[in-house]
Amino acid sequence: MAFRLPAASALRPLARSLGASRNAPRQQLRWLAIPAHPVAVGSKGPTAMVFLNMGGPSTTDEVGDFLSRLFADADLIPLGRLQNYIGPFIAQRRTPKIQKQYAAIGGGSPIRKWSEHQCAEMCKLLDEISPETAPHKPYVAFRYANPLTEEMYNRLLADGFGNGRGGRAVAFTQYPQYSCSTTGSSLNELWKWRQRLEGKAGPLEDGKDGTIQWSVIDRWPVHPGLIETFASNIEKTLAEYPEERRKDVVLLFSAHSLPMTVVNRGDTYPAEVAATVYAVMQRLNFSNTYRLCWQSQVGPQPWLGPQTQSSVEEYIAKGQKDLVLIPIAFTSDHIETLFELDQEVIGESGHADTVKRVESLNGNPIFIKALADLAKSHLNNGIACSAQMGLRCPGCKSERCLESKKFFAGQITLPGQ
Ligand SMILES: C=CC1=C(C)c2cc3[nH]c(cc4nc(cc5[nH]c(cc1n2)c(C)c5CCC(=O)O)C(CCC(=O)O)=C4C)c(C)c3C=C
Ligand code: FES
Ligand SMILES: [Fe+2]
């Protein structure tokens with residue numbers, strides 16, 4: 001299989017939009033250098049790199065379907081035996097409100113644009129730094145929006161993976177911190193489509209029965225490249241404050257909250273988000289004081305707090321008006337940054353000049369290099385998934401979790417890979 005890459009000249013505008021200056025010396029652009037010839041197939045290639053994420057509606061017309069899938073997902077919102085009745089009902093009632101929010105951020109979620117960009121750029125870097133597993137072919141699988149997992153899997157098969165031909169695919173979660181409601185749900189969905197489209201082969205003995213050989217990057221909360229990207233973005237935002245006020249700015253890390261039922265089930269996400277925050281603060285030498293807050297609660301049940309919006313209001317009421325918000329649990333812009341943080345939390349704070357948000361990771365070259373570094377280590381280490389992924393939550397009663405974890409942990413990777 002040979003995948004043709006565009007000529008380097010075609011990619012120069014992209015390199016420049018990622019911050020590379022027109023006259024930058026070749027040295028500085030090294031990590032961006034893209035081979036102008038088709039990438040050779042390495043001894044262990046080709047490799048499919050599949051980004052997993054929740055996705056979002058690209059247009060307001062897609063909001064209804066996005067919410068229907070989201071409220072049908074028992075790994076995210078368990079509604080028991082009534083899931084198929086209550087789910088669509090809530091989704092339908094919520095659609096007009098959420099459509100207005102997407103209209104207010106330009107008519108749709110940018111998650112697809114950023115995910116496809118990040119994955120494609122990471123694969124180009126991998127072709128350079130991991131030639132033995134080249135070519136690396138980018139795929140995106142969303143849980144609730146196009147391209148859905150089923151569509152991605154059919155593309156994999158059409159592109160020459162599986163169907164008796166084997167091949168290696170890496171499921172790479174784009175949630176740095178693992179939650180059973182996010183990465184867990186995406187993996188359960190991937191496992192479901194793998195069973196439907198490739199049969200019930202079960203744990204393989206030699207990885208050579210012709211099905212796709214999967215491995216999983218399931219969490220990366222303290223990867224140095226991730227931490228560096230957050231820290232340098234924070235430094236950039238802190239530099240916007242007058243020097244005499246800078247060290248007194250309070251850093252407010254904000255992550256999507258979880259219902260307390262999920263926290264008490266033993267979900268690892270709160271601890272992993274806290275680990276990311278602590279690593280970023282270590283990298284900043286604890287230059288400022290900080291708190292971790294939680295946003296985007298939905299519905300009446302108790303969620304993990306303190307809430308981001310009330311924390312901002314309470315600090316302002318205490319006289320602390322210099323606040324920097326840092327979305328810490330998502331790798332691109334989405335409705336929670338562009339609408340909830342920018343328009344609601346900051347917009348309604350009455351202090352939009354002193355309450356600021358750091359930019360999201362989006363197309364940041366340091367971040368894309370971090371993704372490539374992470375993927376390269378994974379491709380080399382021969383591990384099917386982290387040991388941590390094998391341990392279910394103490395309160396887990398889900399057969400889906402049990403079966404999909406068994407499947408992914410049982411995938412055998414080849415020695416030396
Ligand atoms: C790390 C990120 C996220 C976690 C953890 C998470 C858990 C979680 N979410 C809901 C319910 C909803 N989430 C919705 C949208 C949404 N959620 C995340 C991220 C996480 N969710 C993002 C990035 C988005 C927006 C996507 C975009 O298009 O930009 C929604 C839909 C919007 C709404 O109706 O308000 C719901 C509902 C639960 C119940 C949950 C944990 C169990
Ligand atoms: S809910 Fe956490 S492992 Fe099943
Ligand atoms: Fe959510």
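Being a predicted model, the structure only gives us computed values, none of them experimental.

Caption draft 1: Seen up close, the sheet that holds strand β8 (residues 355-357). Pairing is parallel across the open sheet formed by four strands, whose spatial order is β6-β5-β7-β8. A single partner strand is all that each edge strand has here, and the edge strands are β6 (290-295) and β8. Going across the sheet, the axis of each strand differs from the next one's by a mean of 25 degrees, ignoring polarity. With three bridges joining them, strand β7 (residues 323-327) and β8 adopt parallel strand pairing. Across the sheet, L325 pairs through a bridge with R357, a residue of β8. Where helix α7 (residues 224-238) meets the sheet, it contacts β5 (250-256), β7 and β8, and its direction lies at approximately 155 degrees from that of β7.

Caption draft 2: Quick look at the site of ligand 1. R94, Y102, H334, I335 and E336 are the nearest of the 28 residues found near ligand 1. Residue I335 places a main-chain N or O atom 2.8 Å away from an oxygen atom belonging to ligand 1. Only α2 (63-72), α3 (83-104) and α12 (335-346) provide two or more residues apiece to the shell around ligand 1. The residue inventory of the shell around ligand 1, partitioned by class, reads 19 nonpolar, seven polar and two charged.

Caption draft 3: Layout of the pairing of strand β3 (residues 168-173). Here β3 lies mainly inside the structure; six of its six residues are buried. The side-chain alternation of β3 yields two buried faces, one formed by R168, V170 and F172 and the other by A169, A171 and T173. Sheet topology places strand β1 (residues 47-53) next to β3; six bridges connect them, and they run parallel. Looking at the pairing, T47 lines up with R168 of β3.

Caption draft 4: Layout of the pattern of salt bridges. Applying the stated rule across the entire model yields 19 salt bridges. The partner of E235 in a salt bridge is R283, and the shortest N-O contact between them spans 3.2 Å. Highlighted residues: E235 in helix α7 and R283 in helix α10 (residues 269-283), separated in sequence by 48 residues. What makes E235 partly exposed here is its relative accessible area of 36%. Between R245 and D322 there is a salt bridge, with the nearest N and O atoms lying 2.8 Å from each other.

Caption draft 5: Structural context of the sheet that holds strand β2 (residues 136-142). Taken in spatial order, the four strands line up as β2-β1-β3-β4 in an open sheet, and their pairing is parallel. Only two strands of the sheet have a single partner each, and these edge strands are β2 and β4 (213-217). For this sheet, the mean inter-axis angle between neighbouring strands, taken without regard to orientation, is 25 degrees. Examined bridge by bridge, β3 and β4 share five bridges and lie parallel to one another. Paired with V170 across the bridge in β4 is S215. Running over the sheet, helix α4 (residues 111-129) touches β1, β2 and β3 and is turned about 155 degrees from β2. Against the sheet, helix α5 (residues 149-158) contacts β1, β2 and β4, and its axis sits at roughly 155 degrees relative to β2.

So, how was this worked out
- Sequence positions are assigned chain by chain, starting from 1 and proceeding in written order.
- Naming scheme: in the order in which they are written, chains are lettered from A and ligands are numbered from 1.
- Reporting of local features is limited, given that this is a predicted model, to residues whose pLDDT is at least 70; pairs of side-chain atoms are given and counted only at 80 or more, and all residues count toward the totals for whole chains, interfaces and linings.
- Hydrogens and water molecules were not included; the side-chain quantities draw on all heavy atoms of the structure.
- Pairing between strands is defined by DSSP: at least two bridges between the two strands are required.
- Secondary structure counts use DSSP, requiring at least four H or I residues in a row for a helix and at least two E residues in a row for a strand, with both numbered from the N terminus.
- Axes here refer to lines fitted to C-alpha atoms; in helices the fit is confined to the stretch in contact. Angles between the N-to-C directions go from 0 to 180 degrees.
- In this analysis, two residues are considered to be in contact whenever any of their non-hydrogen atoms come within 4.5 Å of each other.
- A molecule or strand has a residue near it when one of that residue's heavy atoms lies within 4 Å.
- Polar contact is defined as a pair of N or O atoms within 3.5 Å, subject to the rule that within protein one atom must be able to donate a hydrogen and the other to accept it, and that residues adjacent in sequence are counted only when both atoms are side-chain atoms.
- Just so you know the grouping, Ala, Val, Leu, Ile, Met, Phe, Trp, Tyr, Cys and Pro go in nonpolar, Asp, Glu, Lys and Arg go in charged, and all remaining residues, Gly too, go in polar.
- Under the scheme applied here, a residue whose accessible area is under 20% of the maximum for its type counts as buried, over 50% as exposed, and between as partly exposed, the area being computed with a 1.4 Å probe on protein chains only.
- Put simply, a salt bridge is a Lys or Arg side-chain nitrogen that is within 4 Å of an Asp or Glu carboxyl oxygen.

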